[in-house]
Amino acid sequence: MEAQARSEASAADAATELAERQVRRFVDLAKDGDAEAFGHLYDRFQPEILRYLIVRVRDRDVAEDLAQQVFLKAWQAIPRYEHRGAPFRAWLYRMAHNQMVDHFRTKRPTT
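Residues numbered from 1 in each chain as written. Predicted model: local features only at pLDDT ≥ 70, side-chain atom pairs only at ≥ 80, totals over all residues. Heavy atoms only, no water.

Colleague: Sorry, what's going on with the overall build of the protein chain here?
Modeller: Scanning the protein chain from N- to C-terminus turns up four helices and zero strands. Helices and strands appear in the protein chain in the N-to-C order α-α-α-α. Here the C-alpha atoms of the protein chain give a radius of gyration of 17 Å, more than 25% beyond the 13 Å that 2.2 N^0.38 yields for 111 residues. C-alpha atoms of the protein chain, sized along the principal axes, occupy 65 × 40 × 25 Å. For the protein chain, buried positions account for 28% of its 111 residues. A total of about 7800 Å² of accessible surface is found on the protein chain, and carbon and sulfur atoms cover 51% of it. (Helix = DSSP H or I, 4+ residues; strand = E, 2+ residues; numbered from the N terminus. Rg over C-alpha atoms; globule rule 2.2 N^0.38 Å. Buried < 20%, exposed > 50% of the residue type's maximum accessible area, 1.4 Å probe, protein only. Areas by Shrake-Rupley, 256 points an atom, 1.4 Å probe, with all protein chains shown as cover.)

Colleague: I keep staring at the pattern of salt bridges and nothing clicks. Help me out?
Modeller: A side chain of one charge can pair with a side chain of the opposite charge if their charged atoms are brought near each other. Applying the stated criterion across every chain, the model contains six salt bridges. Residues E48 and R44 are paired through a salt bridge, measuring 3.0 Å at the closest nitrogen-oxygen approach. With E48 and R44 both in helix α2 (residues 35-57) and four residues apart, the pair spans about one turn of that helix. Assessed through its relative accessible area of 39%, R44 is described here as partly exposed. Between R89 and E48 there is a salt bridge, with the nearest N and O atoms lying 2.9 Å from each other. (Salt bridge = Lys/Arg side-chain N within 4 Å of Asp/Glu carboxyl O.)

This is the structure:
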């Protein structure tokens, strides 16, 4: 039983590592201007970034607009992206957070 659990955990770790290497490869290609590679990153991460924003802004239409802004800014900034040990997804989440904060700042009434 324990051997099977270790085997399954090892397989899951290997799959995660493979997925991370694939993401890194797409990031490197996108940094060089490969729009198709960026499209793969968009397809991979857009649903989870959208979910993150929906939960926080509580308006699907606004969240979809914010998610599109995140990926537009990511496309513009990806040539400057550097691998620093954190996953690429963390960079996208930081951009999503900043986009959300900007949204709420502009919606705040002024006195």
